[in-house]
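Okay, here's what each chain looks like letter by letter:
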Amino acid sequence: MIFSSASFFQNIMLTSNFLVPLIVTAAAMPYFIRKLTENNIVAKDVYKKGTPTIADRGGTAILLIAMLSLSMNSLFFKFTSTNYVVMIVIALFGLFGVLDDMINIGRSSKLLIMYYCSYPLIQYATHTAVTLPSVGDLELGILYLQFIVPTYVLVASNLVNMHSGFNGLSSGLAILVLVSLIIKSVLISDVENIISVVAITGATIGFYLYEQYPARIFWGNVGSLTVGAAIGTIIVIQGFIISGFIMLIPHTVNFLMYVYWKIKKYPHVKFGKVREDGTLEVPNPLTLKWVLPYYYRVTEKQATYAMFLLTSVFCIMGILLPGRV
């Protein structure tokens, strides 16, 4: 009976910390869109005819509302200290994203600073063993804490940041990965340390309603780094090193394609174009989102949904891995 009561209370806590930021973000986004537009914080939507400008850096709302939700819910629920540290790390990445949206820091400086943004997590990462299928637990101890924790959060945030370009692509993919990691946490009955990430997930879904095709707002570096950091933190806090890697395989492939592009020193091209019939015209197949439109005449929406389908397959594989793999 005690177990049932605890489970019920835990379910209420999870639901509240998911729904409150989702609803508040969805309700507040028209206000953010209006204020960002009035202050000329906008970006061009290059895959639309006439390249209209829409509100940018909307990811700030995800971070602010998730933090507000966690504060409000703390009046009714008691959270572990890990949740607050996780939110601090996510906020540090988000604040760095704000700075990155404003000035060009430089890639080397950016990676170094972001690496140390995740250091507060080290003393709260209680799972320091990597579970390998057919092998068992491999205890990494200090190596896990000093190397894997900060590196994983840094890499995850940058992978999310890079796998973008279409309306709702980056945020939609991040939602798929976050929801999959939350489901896996629920399946192993270990959710007490992921409340902050649940709040970020709810806020991201509320934001996605406005960034999906046709987008009314973009989330900017502040959004991708905030949500990417949330993905990295839940992976290292929960010890989902293998399953998290599998879920992020499409993101990783996208990064490796970028590395190949740089090694070959092909001309730098950031965007493609849209044809008169609404289909995409891309310069090469050297980034994952461009592979399908390079070989077939597809629209931005179709190309985005294809990326959703691909990532969903790997997310399901990650969920199906047993235990804390």
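Per an unreviewed UniProt entry, the protein goes by the name UDP-N-acetylglucosamine-1-phosphate transferase and belongs to Methanosarcina mazei. Per UniProt, the protein has the following entry under Subcellular location (unreviewed entry): "Cell membrane".

## Let's talk about the pattern of salt bridges
Applying the stated criterion across every chain, the model contains 5 salt bridges. The partner of K48 in a salt bridge is E300, with the nearest N and O atoms 2.8 Å apart. Of this pair, K48 sits in the loop between β1 (42-44) and β2 (53-55) while E300 sits in helix α12 (residues 300-320), and the two are 252 residues apart along the sequence. The two residues K48 and E300 agree in class, both being buried. Between R297 and D277 there is a salt bridge whose closest N-O contact spans 2.9 Å. Of this pair, R297 sits in the loop between α11 (288-295) and α12 while D277 sits in the loop between β5 (273-274) and β6 (280-281), and the two are 20 residues apart along the sequence.

## Some thoughts on unusual backbone geometry
In the segment running from Y213 into P214, the intervening peptide bond is cis, with an omega of -10°. Along the chain, P214 falls in the loop between α7 (195-211) and α8 (220-238). Phi angles above zero are rare outside glycine, and T51 is one such case at about 40°. Tracing the backbone through its elements, the reader meets T51 in the loop between β1 and β2. Overall, the relative accessible area of 34% leaves T51 in the partly exposed class. Positive phi is not limited to glycine here, since K265 has a value of about 55°. Examined against the element boundaries, K265 turns out to sit in the loop between α10 (249-264) and β5.

Scoring rules and cut-offs
Residues numbered from 1 in each chain as written. Predicted model: local features only at pLDDT ≥ 70, side-chain atom pairs only at ≥ 80, totals over all residues. Heavy atoms only, no water. UniProt positions renumbered as here; feature names shortened; annotations may be inferred. Salt bridge = Lys/Arg side-chain N within 4 Å of Asp/Glu carboxyl O. Helix = DSSP H or I, 4+ residues; strand = E, 2+ residues; numbered from the N terminus. Buried < 20%, exposed > 50% of the residue type's maximum accessible area, 1.4 Å probe, protein only.

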